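Results of the structural survey
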Amino acid sequence: MLDLEIVPERSLGSDAWEFVLGMHFSQAVSIIQSQVGTIRGVQVLYSDQNPLSVDLVINMPQDGIRLIFDPVAQRLKIIEIYNMKLVKLRYSGMCFNSPEITPSIEQVEHCFGATHPGLYDSQRHLFALNFRGLSFYFPVDSKFEPGYAHGLGSLQFPNGGSPVVSRTTIYYGSQHQLTRSASGGRCLAPLADLPLSCYRHQLHLRRCDVLRSPTATLGLRLHIYTEGTRSGSPASPRRRVVRFGDSCQAVARALAAPARLYYKAEDKMRIHRPTARRRPPPASDYFFNYFTLGMDVLFDARTHQVKKFVLHTNYPGHYNFNMYHRCEFELNIQPDRCESNALVESRGAVSITAYSKWESVSRALRVCERPVVLNRASSTNTTNPFGSTFCYGYQDMIFEVMSNNYIASITLYQPEGTRPHYAVNSIA
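Residues numbered from 1 in each chain as written. Predicted model: local features only at pLDDT ≥ 70, side-chain atom pairs only at ≥ 80, totals over all residues. Heavy atoms only, no water.

**Regarding the overall build of the protein**
- Counting its regular elements, the protein contains 4 helices and 26 strands.
- Taking all 428 residues of the protein together, the buried fraction comes to 46%.
- Accessible surface for the protein amounts to roughly 22700 Å². Of this, 50% is attributable to carbon and sulfur atoms. (Helix = DSSP H or I, 4+ residues; strand = E, 2+ residues; numbered from the N terminus. Buried < 20%, exposed > 50% of the residue type's maximum accessible area, 1.4 Å probe, protein only. Areas by Shrake-Rupley, 256 points an atom, 1.4 Å probe, with all protein chains shown as cover.)

**Quick word on the pattern of salt bridges**
- In this structure the tally under the stated criterion is 11 salt bridges.
- Arg-132 is the partner of Glu-9 in a salt bridge, and the nearest nitrogen-oxygen pair spans 3.3 Å. Taken together, the residues span a long stretch of sequence, with Glu-9 in the loop between β1 (2-7) and β2 (11-13) and Arg-132 in the loop between β11 (126-131) and β12 (134-139) at a distance of 123 residues.
- By relative accessible area, Glu-9 is classed as partly exposed at 23%.
- Each of Arg-66, Glu-80 and Arg-167 takes part in a single network of salt bridges with overlapping partners. (Salt bridge = Lys/Arg side-chain N within 4 Å of Asp/Glu carboxyl O.)

**Topic: helix α2 (residues 105-112)**
- Residues of α2 that are buried: Ile-105, Gln-107, Val-108, Cys-111 and Phe-112. Angularly, the buried residues of α2 cover 160° about the axis, an arc narrow enough to put them on a single face.
- Buried residues in α2 make contact with β8 (87-91), β9 (94-97), β11 and β12.
- Where α2 terminates, the next one or two residues include Gly-113, which has phi positive at roughly 90°. (Arc of directions from axis to C-beta. Contact = heavy atoms within 4.5 Å.)

**A few points about the nonpolar core**
- Formed by 47 residues in total, the largest nonpolar core has its most connected members in Leu-12, Phe-19, Leu-67, Leu-89 and Phe-136.
- Ranked by the residues each element gives to this core, the list is headed by helix α1 (residues 25-34), at 5 residues. (Core = buried A, V, L, I, M, F, W, Y, C linked by side-chain atoms within 4.5 Å.)

**A short note on the confidence of the model for the protein**
- Across the protein, the average pLDDT comes to 84, with 79% of residues at or above 70.
- When mean pLDDT is compared element by element in the protein, strand β19 (residues 295-299) scores highest at 98, while strand β10 (residues 119-121) scores lowest at 75.
- Long-range and interchain partners of residues 340-346, a stretch whose pLDDT sits below 50, account for 4 contacts in this model, where long-range means more than four residues apart.
- Note on residues 421-428: pLDDT is under 50 here. Beyond four places in sequence and across chains, it has 3 contacts. (pLDDT = per-residue confidence, 0-100.)

**Remarks on the side chain of His-204**
- Tracing the backbone through its elements, the reader meets His-204 in strand β14 (residues 204-212).
- In this structure, His-204 is in contact with Leu-194, Cys-198, Tyr-199, His-223, Ile-224, Tyr-225, Thr-292, Leu-293 and His-325, ignoring residues within four places of it in sequence.

**As for the packing of aromatic side chains**
- Within this structure, the stated rule accounts for 21 aromatic pairs.
- Three or more aromatic residues joined by ring pairs make a cluster, and in this case those are Tyr-91, Phe-96, Phe-112, Phe-131 and Phe-136.
- Directly above the ring of Tyr-137 sits Arg-167, whose terminal nitrogen or CZ lies 4.1 Å from the centroid. (Phe/Tyr/Trp six-rings, centres within 6.5 Å; stacked < 30°, edge-to-face > 60°. Lys NZ or Arg CZ within 6 Å of the ring centre and 35° of its normal.)

**Looking at unusual backbone geometry**
- One non-glycine residue, Asn-322, adopts positive backbone phi at about 85°.
- With respect to the secondary-structure elements, Asn-322 resides in the loop between β20 (306-312) and β21 (329-333).
- Positive phi, close to 60°, is recorded for Arg-366, a residue that is not glycine.

**Observations regarding the sheet that holds β21**
- Spatial ordering of the open sheet is given by β16-β15-β14-β21-β22, a layout of 5 strands whose pairing is mixed. Of all strands in the sheet, those bounded by a partner on one side alone are β16 (238-243) and β22 (350-353). When strand polarity is set aside, the average angle formed by the axes of neighbouring strands in this sheet is 20°.
- Bridging between strand β15 (residues 217-225) and β16 involves 6 bridges; their strand directions are antiparallel. When the sheet's bridge partners are listed, Ile-224 is paired in β16 with Arg-238.
- Lying over the sheet, helix α3 (residues 248-255) contacts β15 and β16, oriented at roughly 165° with respect to β16. (Pairing = 2+ DSSP bridges. Axes fitted to C-alpha atoms, helices over the stretch in contact; angles between N-to-C directions.)

**Regarding a nonpolar patch on the surface**
- On the surface, a cluster of nonpolar side chains totalling about 320 Å² of accessible area is made up of Val-44, Tyr-46, Tyr-319 and Phe-386.
- The topology assignment puts Tyr-319 in the loop between β20 and β21.
- Its relative accessible area of 31% is what places Tyr-319 among the partly exposed residues. (Patch = residues over 30% accessible without salt bridge, like charges linked within 9 Å, V, L, I, M, F, W, Y side chains within 5 Å.)

**Focus on the sheet that holds strand β25 (residues 397-401)**
- Taken together, the 8 strands give an open sheet; going across it, the order is β17-β18-β19-β20-β26-β25-β24-β23, and neighbouring strands pair in antiparallel fashion. Because the sheet does not close on itself, it has two edges, and the strands there are β17 (260-263) and β23 (372-374). Within this sheet the neighbouring strands show an average axis-to-axis angle of 20°, counted without direction.
- Where β19 and β20 come together, 5 bridges link them in antiparallel fashion. Along β20, the bridge assignment pairs Val-297 with Phe-309.
- In the packing of α3 onto the sheet, the strands contacted are β18 (286-290), β19 and β20, and the crossing angle to β18 comes to about 5°.

**Observations concerning the pairing of strand β24 (residues 389-394)**
- Pairing of β23 with β24 involves 3 bridges; the strand directions are antiparallel. Bridge pairing in β24 links Leu-374 to Thr-389.
- Pairing geometry for β24 and β25, over 5 bridges, is antiparallel. Each residue of the ladder has a partner; that of Gly-393, found in β25, is Ile-398.

**Here's the deal with the side chain of Asp-396**
- Within the secondary structure, Asp-396 sits in the loop between β24 and β25.
- Side chain to side chain, Asp-396 and Arg-212 meet in a polar contact 3.0 Å long.
- Engagement of the side chain of Asp-396 in a polar contact is seen with the backbone nitrogen of Thr-217, the distance being 2.6 Å.
- Sequence-distant contacts of Asp-396, that is, excluding residues within four places in its chain, are made with Arg-212, Ala-216, Thr-217, Thr-411, Leu-412, Tyr-413 and Pro-415. (Polar contact = N/O pair within 3.5 Å; in protein donor to acceptor, adjacent residues only side chain to side chain.)

This is the structure:
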């Protein structure tokens, strides 16, 4: 049984780890993976067809804990303990819930102190006792309803019949701010900033602007931030620009060292090129993987210059889900002219973000080419439970699209024969 400490409006955890409000989904998963054998039977719940309108949830049924993440930001907004019998709970070192200690109204008030009169939910027959960033829910029999106006403590219960906590929630802000969306699939709770303990000396992305000429991609402008070095608070956002043709040293200076360096073993899309070769190249191109920025940078093995950018949207149901944070990119594309003197040519640029659906994007761009089917699988497990994705080429981009019509990734590249030659200037 887990023995955990509650910190209202902040966290639930032990001496070795804690789930902190505002932390990214991948960081919570990393904690769970480090506690294999201690935390068991974990489930990930999401909507395959509506991933942006239904909360992303990590459920731990054997521990009675549910972590609820905002589906857009993919950061933790609510910690819910829905089975009090499966976990020990403390506050400021004082245990108020365990097999030996019943979390009654008297026990809660003794441990947490006095608060305002609670709120009664007549539909669910629940009485909520609210502290800032923390709520306890007590089931109350309907026969006691007429007397709840002066608070739960004013109700007269038979001996031994005092209600006990059935559910506890930890959240950021005030309880009255917790509301449900119109569809009921998303809790509109306030979202805490990324905690300082979750920065881990990594760069994090606010926004990525794709820099383009009228018909070609030039590079990326990244709005990034990390923790401060003196005051212990997040630093002001900074802008960094990386372009095609930049050296690996220039990219490392702009974006710091990558989280991982990955060498391409093979290029499975090479067969679709008109000039495909059967023999592999003598050297391997390599990626700089920036997981918290949601992007990869591919370098040419011969010149060590940038030749591709890959931007990831990190939707649940994709093979690479949880590997990257979502890249909040904005891409403006001028559609190709496919018909002379057509009125459609007068349309402006098409704006694409990480939340765009391919159906509307392809209609605006008038994409008519058939896709290439991509089925990812590891060398140790040849099955992919999430199914194939579809890759559409357009100008100097490749859009990887999931079966639910959301864009999984965008690859930006320079076509062969168009890469500029850069002169190397000596520095005096």
